[in-house]
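For reference, the chains in residue letters:
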Amino acid sequence: MKIIDIINANIAKDAPTLSFEVFPPKTSDSIDTVMNATSEIAKLNPAFMSVTYGAGGGTSDYTVSVAENIKNCGITPIVHLTCVSSTEDAVKNQIEKIKSAGMNNILALRGDIPEGWTFPENAPYRYASELIREIKRHGDFCIGGACYPEKHPEAKTLKEDIMHIKEKVDAGCDFLTTQMFFDNNILYNYLYKIREAGITVPVVAGIMPVTNAKQTERICKISGNFLPQRFKAITDKFGSNPESMKQAGIAYATDQIIDLLANGVNCIHVYCMNRPEVARKIKDNLSSILK
Ligand code: FAD
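So, here is what we can say about the structure in this document. (Residues numbered from 1 in each chain as written. Predicted model: local features only at pLDDT ≥ 70, side-chain atom pairs only at ≥ 80, totals over all residues. Heavy atoms only, no water.)

What about helix 4 (residues 88–100)?
Here is step 1 of the chain: The end-to-end C-alpha distance of helix 4, which contains 13 residues, comes to 18 Å, matching closely the 18 Å that a straight helix rising 1.5 Å per residue would cover.
Here is step 2 of the chain: Within helix 4 the residues assigned to the buried category are Val-91, Gln-94, Ile-95 and Ile-98. Seen from one end, helix 4 has its buried residues packed into an arc of 100°, which puts them on one side. Exposed and facing more than 90 degrees away from the buried side of helix 4 are Asp-89, Asn-93 and Ser-100.
Here is step 3 of the chain: The inward-facing, buried residues of helix 4 contact helix 3 (63–72), strand 3 (77–82), strand 4 (105–109) and helix 5 (128–137). (Helix = DSSP H or I, 4+ residues; strand = E, 2+ residues; numbered from the N terminus. Expected span 1.5 Å × (residues − 1). Buried < 20%, exposed > 50% of the residue type's maximum accessible area, 1.4 Å probe, protein only. Arc of directions from axis to C-beta. Contact = heavy atoms within 4.5 Å.)

Below, the structure is given as structure tokens:
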């Protein structure tokens with residue numbers, strides 16, 4: 001099934017769409033652990049599950065197998081694909097691999113530019129919009145793209161970034177998933193701006209339950225997220241106690257989700273970092289709301 005059909009069917013019923021993101025193992029050593037964790041998360045019956053592809057512009061040998069496992073659990077997977085430092089052949093092979101596995105949902109990403117790496121003169125893909133056009137040449141896929149309520153770190157201005165998001169949508173992106181954010185007002189302002197720019201595709205809000213304080217430093221370094229005082233107070237107070245931090249982080253994410261749903265943002269994607277207990281707790285906290 002195409003993710004866009006799942007999203008649109010829920011929008012038509014004014015029903016929430018709750019989905020989870022998982023990541024593949026770096027090496028074959030931990031493949032069983034990841035498969036078990038994703039199967040446990042799939043048992044929570046999310047609307048769909050996404051599987052990341054490497055990190056920092058890198059690739060992954062296991063993304064498609066993790067997605068196949070999700071599909072075998074009866075949940076629709078969406079496979080991430082990056083292109084920045086791949087060859088044209090590698091990208092085309094990966095698209096065909098996804099197609100041969102009977103999957104038709106791809107989150108098309110440029111990927112981060114690796115440190116010290118520069119584009120060769122004849123680089124086949126410099127932006128996600130070019131990857132989206134490539135995917136469309138390979139068949140009838142539902143294609144998602146990334147968007148950044150606090151602006152992509154490389155973009156000079158939010159306005160310029162939104163203009164490039166519009167190019168991505170015009171290239172054939174069916175829906176957008178946001179980078180994580182910790183202040184819902186940032187998303188509400190962003191939604192207003194992108195709608196004003198003529199972007200009408202559904203936007204899925206990416207929520208990260210922060211379950212350890214170290215994660216926060218890393219996240220802020222990568223994406224420059226704004227941290228509200230209420231969030232900082234939680235990490236300051238509970239950061240040194242893992243169990244308390246986990247409970248507080250899940251409660252904060254639940255609060256964000258409830259506020260989003262109450263304000264008409266119906267599609268929520270939880271970055272649960274392969275942790276079934278985190279995904280389960282979030283789902284339990286929303287049990288009546290999701291009915
Ligand atoms: P693009 O949409 O290409 O944008 C990148 C930058 O280029 C932006 O600053 C944009 O404004 C600018 N730009 C776009 N088009 C043009 C143009 N025509 N001219 C000039 N400038 C332009 N990374 C991974 O490695 N693996 C993953 O699985 C992964 N999953 C992700 C999932 C989500 C939901 C999100 C939000 C991010 C994910 N990332 C992942 C990180 C992502 O790859 C990086 O943020 C990357 O730096 C940008 O990717 P993009 O697809 O948004 O790029």
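The rest of the description comes next.
Brief notes about the pattern of salt bridges
Here is step 1 of the chain: Counted by the stated rule, this structure contains 10 salt bridges.
Here is step 2 of the chain: When the shortest N-O distance is used, the salt bridge between Lys-43 and Glu-40 registers 2.7 Å.
Here is step 3 of the chain: We classify Lys-43 as exposed; its relative accessible area is 61%.
Here is step 4 of the chain: For Lys-92, the salt bridge is made with Glu-88, and the minimal N-O distance between the two is 3.1 Å. Here Lys-92 pairs with Glu-88, and both are found in helix 4, just four residues apart, close to one helical turn.
Here is step 5 of the chain: Overall, the relative accessible area of 36% leaves Glu-88 in the partly exposed class.
Here is step 6 of the chain: One network of salt bridges, with partners in common, ties together Glu-40, Lys-43 and Arg-280. (Salt bridge = Lys/Arg side-chain N within 4 Å of Asp/Glu carboxyl O.)

Points about the site of the ligand
Here is step 1 of the chain: Residues in contact with the ligand amount to 27 residues; listed here are only the nearest, Asp-112, Ala-128, Tyr-148, Asp-161 and Lys-168.
Here is step 2 of the chain: A distance of 3.3 Å is found between a nitrogen atom of the ligand and a side-chain nitrogen or oxygen belonging to His-164.
Here is step 3 of the chain: Between an oxygen atom of the ligand and a side-chain N or O atom of Lys-168, the distance comes to 2.7 Å.
Here is step 4 of the chain: Protein chains shield 87% of the accessible area of the ligand, which is 990 Å² for the free molecule.
Here is step 5 of the chain: Counting residues per element, the ones that place at least two in the shell around the ligand are strand 3, strand 4 and helix 6 (158–171).
Here is step 6 of the chain: With four residues, helix 6 is the largest single contributor of residues to the shell around the ligand. (Near = heavy atom within 4 Å. Polar contact = N/O pair within 3.5 Å; in protein donor to acceptor, adjacent residues only side chain to side chain. Areas by Shrake-Rupley, 256 points an atom, 1.4 Å probe, with all protein chains shown as cover.)

Focus: empty space enclosed by the protein
Here is step 1 of the chain: Scanning the model with the defined rule gives one cavity of 30 Å³ or more in all.
Here is step 2 of the chain: For the largest cavity, the calculated volume is near 40 Å³. (1 Å grid on protein atoms, 1.4 Å probe; cavity = no way out; pocket = protein on both sides within 12 Å on 5 of 7 lines; lining within 4 Å. Points joined across faces, edges and corners; volume = space filled by probe spheres on them.)

Describing the packing of aromatic side chains
Here is step 1 of the chain: Tallied over the entire structure, the rule returns three aromatic pairs.
Here is step 2 of the chain: Between Phe-182 and Phe-231, the aromatic rings sit 4.7 Å apart at their centres with planes inclined by 40°, giving tilted as the arrangement. One end of the pair, Phe-182, is in the loop between strand 6 (175–178) and helix 7 (184–196); the other, Phe-231, is in helix 9 (residues 229–238), with 49 residues separating them in the sequence. Taken individually, Phe-182 and Phe-231 each receive the classification buried, so the pair is uniform in this respect. (Phe/Tyr/Trp six-rings, centres within 6.5 Å; stacked < 30°, edge-to-face > 60°.)

Side note on the sheet that holds strand 4
Here is step 1 of the chain: Taken together, the eight strands give a closed barrel; going around it, the order is 1-2-3-4-5-6-7-8, and neighbouring strands pair in parallel fashion. Neighbouring strand axes in the sheet, compared pairwise and without regard to direction, differ in orientation by 30° on average.
Here is step 2 of the chain: Note: strand 5 (residues 142–147) against strand 6, four bridges, orientation parallel. The residue bridging Gly-145 from the neighbouring strand is Leu-176, located in strand 6.
Here is step 3 of the chain: Its contacts with the sheet put helix 1 (residues 3–13) on strand 1 (17–22), strand 3, strand 4, strand 5, strand 6, strand 7 (203–207) and strand 8 (267–271), and the angle it makes with strand 6 is roughly 85°. (Pairing = 2+ DSSP bridges. Axes fitted to C-alpha atoms, helices over the stretch in contact; angles between N-to-C directions.)

Digging into the side chain of His-152
Here is step 1 of the chain: Its location among the elements puts His-152 in the loop between strand 5 and helix 6.
Here is step 2 of the chain: With relative accessibility at 14%, the residue His-152 sits in the buried group.
Here is step 3 of the chain: Apart from residues lying up to four places away in sequence, His-152 is in contact with Arg-110 and Asp-161.

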